[in-house]
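# Geometric and topological summary
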Amino acid sequence: MGKKISILNFFNKIKTISTIKRNNSLLIVAHRGASGYAPENTISAFEKALQMKADYLELDIQMTKDGKLVVIHDPTVDRTTNGTGEVHHYTYEELCKLDAGGWFHNKFSGQTIPTLEEIIETYKSKIGLLIEIKNPMMYPNLVLKLEEVLKKCHVDRPMNNEIIIQSFDFEWLETFHKSLPHVPLGLLVKYRVHGVSNVQLRDWSSLVQYINPNKALVTKKLVKRIHSYHMKVIPYTVRDKKSIKNLVDSNVDGIITDFPDYFT
Ligand code: G3P
Ligand code: CA
């Protein structure tokens, strides 16, 4: 009998971790594209995320020496290309010569670093875009450049939150908001031992619509508090099914994950 129960428990457990039931409103955000399966922040990772029916692509923005906004996570090219050095020491033309796929697997060799404009034009009518501005204080005319790109691509007044700009830097988001007040904003929040206070939540809610915390910060109680300030919660970065299940149980509004296919 004992053995029977433990076999049953085993199969129940498998069922829980092999299918994560997604409610209709849960947003699946493909972190740097489907970066569990293809090189992050490249067209191959974004295409994979689209095939996997993600709701949003998450992507990271840095700026080149000649002022192009490009899609790459680190301030240097060392980790994700075959080159070395700082992104802002490269012109866009020089950056295009780097291979951004071979480091992940040689079958992705030949992938290049996309521009923000290219990604918006390719995906804006197909999937949402959660655009993270990296190291904004490093780039003095970043707000202007971003404004130019969003206006050129006609997404400076996004419908239905099809574009969201997020950053860890609240002051920079305030500055950006003065230029383009109709673009939805998300504040990324790192793990902090003492959590977040109601005073912070109230201040943040005067500017942003999304609080996107490190998953380690998330509890059901915190989600409820953030919701009470009329903001949504999309935690990062989730790579295992057990954490996804815990976050779903905490009533988050979305999940930023390398594996957008973990949901049914
Ligand atoms: O979208 C949030 C998440 O991407 C923040 O961390 O380092 O992966 O950009 P990181
Ligand atoms: Ca990011």
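Attention here is on the structure that accompanies the text. Note on numbering: residues in each chain are counted from 1, in written sequence order. Working convention: letters from A go to chains and numbers from 1 go to ligands, in the order in which they are written. Since the coordinates come from a predicted model, pLDDT governs what is reported: local features require at least 70, and pairs of side-chain atoms require 80 or more to be given and counted, while whole-chain, interface and lining totals use all residues. The basis for every side-chain value is the complete set of non-hydrogen atoms in the structure, without hydrogens or water.

### Things to note about the overall build of the protein chain
- For the protein chain, the helix and strand inventory stands at nine helices and nine strands.
- To get the radius of gyration, use the C-alpha atoms; to get the globule rule, take the number of residues to the power 0.38 and multiply by 2.2 Å. Radius of gyration (C-alpha) of the protein chain: 19 Å, near the 18 Å computed for a compact globule of 264 residues.
- In terms of overall dimensions, the protein chain has a C-alpha envelope of 70 × 50 × 35 Å along the principal axes.
- For the protein chain, buried positions account for 49% of its 264 residues.
- Throughout, a contact is declared for two residues whenever any of their heavy atoms are within 4.5 Å. Of the contacts made within the protein chain by residues no fewer than 6 positions apart, 59% connect residues no fewer than 24 positions apart.
- Only the protein chains shown count as cover for residues, with accessible areas throughout obtained via the Shrake-Rupley method and a probe of 1.4 Å. Accessible area of the protein chain: about 13,200 Å², with a carbon and sulfur share of 53%.
- Here the protein chain holds 35 positive side-chain charges and 29 negative ones, and the gap between their average locations is 12 Å. Here a strand is any run of E in DSSP of at least two residues, a helix any run of H or I of at least four, and the numbering for each starts at the N terminus. Summary of the burial criterion: residues with accessible area below 20% of their type's maximum are buried, those above 50% are exposed, and those between are partly exposed, where the area comes from a 1.4 Å probe applied to protein chains only. A positive count includes Lys and Arg, and a negative count includes Asp and Glu. His and the chain ends are not counted in either. Where a charge lies is defined by one atom per residue type: Lys uses NZ, Arg uses CZ, Asp uses CG and Glu uses CD.

### Some thoughts on the packing of aromatic side chains
- When two rings of Phe, Tyr or Trp (its six-membered ring) have centres within 6.5 Å they constitute a pair, described as stacked for plane angles under 30 degrees, edge-to-face for angles over 60, and tilted for the intermediate range. Inspection of every chain in the model, using the stated rule, returns seven aromatic pairs.
- Summarising the aromatic geometry, the rings of Trp103 and Phe104 are spaced 5.5 Å apart at their centres and angled 85 degrees between planes, so their arrangement reads as edge-to-face.
- Owing to a relative accessible area of 34%, Trp103 belongs among the partly exposed residues under this scheme.
- Here Phe104 falls in the partly exposed class, since its relative accessible area comes to 31%.
- Relative to Tyr236, the ring of Phe168 lies with its centre 5.9 Å away and its plane at 85 degrees, an arrangement referred to as edge-to-face.

### Comments concerning the site of ligand 1
- Consider each residue's heavy atoms; a residue with any of them within 4 Å of a molecule or strand counts as near. Around ligand 1 lies a shell formed by His31, Arg32, Glu58, Asp60, His73, Glu132, Lys134, Gln166, Leu188, Tyr236 and Ile256.
- The term polar contact refers here to a pair of N or O atoms within 3.5 Å; inside protein, the definition further demands a hydrogen-donor-capable atom paired with an acceptor-capable atom, and it admits residues adjacent in sequence only when both atoms are side-chain atoms. Within the contact set of ligand 1, an oxygen atom lies 2.9 Å away from a side-chain nitrogen or oxygen of Glu58.
- In isolation ligand 1 offers 290 Å² of accessible surface; the protein chains occlude 89% of this area.
- Its residues placed into classes, the shell around ligand 1 shows three nonpolar, three polar and five charged. Under the grouping applied here, Gly and all other residues not named as nonpolar or charged are polar, the nonpolar ones being Ala, Val, Leu, Ile, Met, Phe, Trp, Tyr, Cys and Pro and the charged ones Asp, Glu, Lys and Arg.

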